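Summary of the model geometry
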Amino acid sequence: ETIVAALAVWSIGCVLMNVDDGLPEERQRLMFGSAPPAATIRCGATTQLELAQASPVRFAPVDIDHAYIAFTSGSTGRPKAILGSHQGMSHFVQWQGCEFGIGPHHRFAHLTNLSFDVWLRDAFTPLANGATLCIPDHRHLGARDLFDFLETHAITAMHVVPSVANHWVNSAPARPPIATMRLAFFAGEPLEGVLVRRWQARFPSCEVVNLYGPTETTLAKHFKRVPSQPVDGVQPVGHPIPGSTTHILDEQL
């Protein structure tokens, strides 16, 4: 329902802001307060946040390239609202599909919290490139259920955060390796070599890709194909994707 709603919002030239009702109330209120919506669409939400009646908001004409509002994680301070673009999102989704040969032969697991910008590539990279998107019946899977889901649905690709992957591989009971997995895109946190090795033990045919890019850049802007024998410690983030440029500055800019 959320994917259909997102396409509907874009089809009439509006800007999308996903708010997961599983987030703490304080964060939901911050999101609504930072970017008061003109309208809301409820997609299977189990709770309803009671919001104070806001004063009427005068909306300036929206740039046709404005696509979505996403929020930073808040790990280094108060979460910030970031306005993402259609061109930036399209650029990434097309690049990812082309670079990794994503197509009808792929089956993606859709597992990302919908309030973060990663949700956009989690949903639309497979759909825009002709792959199948497999959505679990339950929003939060434990390690055992996650591995059952991946095996039952013959998942070939997924996006994942390192800390979550680390919990999965360390918590799931011993079981035969899953041979169908071909691509795992890690992002959002430093990726350690020890996790890559544990992941490859669970998924021996899987290529690990390290993505990097803050929310402000409209999805990831760096990538690195992690070798089958990764270096110890934090893995490199590689080079900018084609069509983007990175500048590394010191304290004096």
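A short tour of the structure in this document, coming up. Counting from 1, residues in each chain are numbered in the order their sequence is written. Thresholds applied to this predicted model are a pLDDT of at least 70 for local features of residues and 80 or more for the giving and counting of side-chain atom pairs; totals over whole chains, interfaces and linings are not thresholded and use all residues. With hydrogens and water stripped out, all remaining heavy atoms of the structure feed into the side-chain values.

Quick look at unusual backbone geometry now. A negative phi angle characterises most non-glycine residues, just as the trans form characterises most peptide bonds. Phi angles above zero are rare outside glycine, and A154 is one such case at about 50°. Positive phi outside glycine occurs at L219, with the angle close to 65°. Secondary structure elements are defined from DSSP: runs of H or I of at least 4 residues count as helices, runs of E of at least 2 residues count as strands, and each element is numbered from the N terminus. Within the fold, L219 resides in the loop between β7 (207–212) and β8 (222–226). Here L219 falls in the buried class, since its relative accessible area comes to 0%. Three labels apply to residues, based on accessible area from a 1.4 Å probe with only protein chains included: buried if under 20% of the type maximum, exposed if over 50%, partly exposed otherwise in between.

Looking now at the pairing of β7. In terms of strand pairing, strand β6 (residues 183–186) meets β7 through four bridges, oriented parallel. If you follow F186 over to β7, its bridge partner there is N210. Consider the strands pointing away from the viewer: the crossover is right-handed when the path from the first strand over the helix to the second runs clockwise. For the crossover that starts at β6, traverses helix α7 (residues 193–202) and ends in the parallel β7, the hand is right-handed. By the convention used here, strands pair only if DSSP detects at least 2 bridges between them. One ladder, built from five bridges, connects β7 with β8; its direction is antiparallel. Following the sheet pairing, Y212 is matched in β8 by H222.

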